[in-house]
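What the coordinates show
Each chain, letter by letter, is given below.
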Amino acid sequence: MTISFPNGFTWGTATAAHQVEGGNWNNDWWEFEHTAGTGTTEPSGDACESFTRYPEDIAMLAGLGFGAYRFSLEWSRIEPEENEWSSAALDHYRRMITTCRDHGLLPVVTFHHFTNPRWVAADGGWANSAVVDRFARFCERAVVHLGDEIGMACTINEPNIVSLMGYLIGAFPPGQRDMAAYEQVNENLKAAHRKGYDAIKAGPGNFPVGSCVAMGDWWIPAGAEDALARTQHMHETQHLEVAAGDDFIGVQAYSRTRLDERGMPLGPEEGVETLDMGYEYWPQSLEVALRHAAAVTGSPIYVTENGIGTTDDAQRVRFVTDALEGVGRCLDDGIDVRGYFYWSLMDNFEWALGYMPRFGLIAVDRETQARSPKPSAHWLGEIARNNKLG
Ligand code: GCO
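This write-up is about the structure you can find in this document. Because the structure is a prediction, the values reported are computed rather than measured.

A word on unusual backbone geometry. Here Pro 173 and Pro 174 are connected by a cis peptide whose omega angle stands at 5°. Mapped onto the elements, Pro 174 comes out in the loop between α8 (159–169) and α9 (179–202). Residue Ser 344 is reached from Trp 343 by a cis peptide bond, and omega for that bond is 15°. Its identity as a non-glycine residue notwithstanding, Phe 114 has a phi of 75°, on the positive side. Inspection of the secondary structure puts Phe 114 in the loop between β4 (106–112) and α6 (118–122). Look at Phe 114 and you get buried, because its relative accessible area is 8%. For Trp 351, which is not a glycine, the phi torsion comes out positive at approximately 50°. With respect to the helices and strands, the residue Trp 351 is situated in the loop between β10 (337–343) and β11 (362–364).

What follows is the structure, given as structure tokens:
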């Protein structure tokens, strides 16, 4: 299948501060990694040392042929204590943004990617409604310092994963399993997206802003469609609805969720290949997610994350090929998809699973921090350069 993507289609890769920078000790994830019984595999430690190595990372990304880099701000560096602001940290992120510009890359800045400063976590984190104004104030202070050079902004990365993993499954901070807290957290995350969006739009610069929602394909036994609608709305659609009409919606899709007739989660289907992440090899999830996001939001769409954690780089190429063919079918049907960001630029800290899953286009030697582009990096970089698959 040959796909020529629309003129101006954005090709990028994504990372997140805590997963690549190293030394983010002043946030809830660092604390969670060093707390017995949380189930985390290993601490993030130095990660990929990208806090200092970002110039090399950005130059490598541009050299491969990509046109954009999505990365996140670490709130705990910028506001280490409540209402105490670090100009040095803000200047650091401004240097990252201008380094992207110097290399012809669109800087796509995620304001929140899973981590909270310890002082926020210590006062209830996302379960305390005070977090809404705390996050909006952070957005306001950051955009004043950075906005004139930002290319695109994502408010909150995967709010639905923050609530699900932190307050229902308990595998992310604060490790709770409490439906009432989960529901309150979702309300606070939606309010925070709205106030953060407004704060960023009100600042300097003129760039699109959106939310980045974790999505996927869904399966439930025939006849249980009501349970599917209820469960999908709780875990996914409500975060699309709150973002409807924004400058764009970020779609982040990896696999499929299977439910029993009551809407409770099932594991992978018998006979379907599973990945290091424990979920199914299911590249068709992206097309399903794009169509759902278009139907719910009516907004322009960017694929702000899609990728595969695998040590088989040829499988990565097959996965992305299948996923991009789904993007092509959506474009053929008039769905306004404007870009694709592969997760991730480099192998990095995969949260509770540590460094085991290899999502990167670039391998990172855990001892020396040496970066080595995989064949898939050159393959996807050529697609980006030519704006064409096949
Ligand atoms: C997420 C996060 C990323 C993950 C990626 C692979 O979607 O969970 O945005 O931080 O590393 O998705 O799981």
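Oppositely charged side chains are able to pair whenever their charged atoms sit close together. A complete count under the given rule lists 27 salt bridges for this structure. Here Arg 137 and Glu 79 are joined by a salt bridge, their closest N and O atoms 3.3 Å apart. With Arg 137 in helix α7 (residues 130–146) and Glu 79 in the loop between α4 (75–78) and α5 (87–102), this residue pair connects regions lying 58 residues apart in the sequence. Overall, Glu 79 belongs to the buried group, its relative accessible area being 0%. For the salt bridge of Asp 246 with Arg 194, the shortest nitrogen-to-oxygen distance reads 2.9 Å. Taken together, the positions of Asp 246 in the loop between α10 (225–241) and β7 (248–259) and Arg 194 in helix α9 put the pair 52 residues apart, joining distant regions of the chain. Judged by its relative accessible area of 5%, Asp 246 falls in the buried class. Several salt bridges converge on common partners, so that one network encompasses Glu 79, Glu 82, Asp 123, Arg 134 and Arg 137.

What counts and what doesn't
Residues numbered from 1 in each chain as written. Predicted model: local features only at pLDDT ≥ 70, side-chain atom pairs only at ≥ 80, totals over all residues. Heavy atoms only, no water. Helix = DSSP H or I, 4+ residues; strand = E, 2+ residues; numbered from the N terminus. Buried < 20%, exposed > 50% of the residue type's maximum accessible area, 1.4 Å probe, protein only. Salt bridge = Lys/Arg side-chain N within 4 Å of Asp/Glu carboxyl O.

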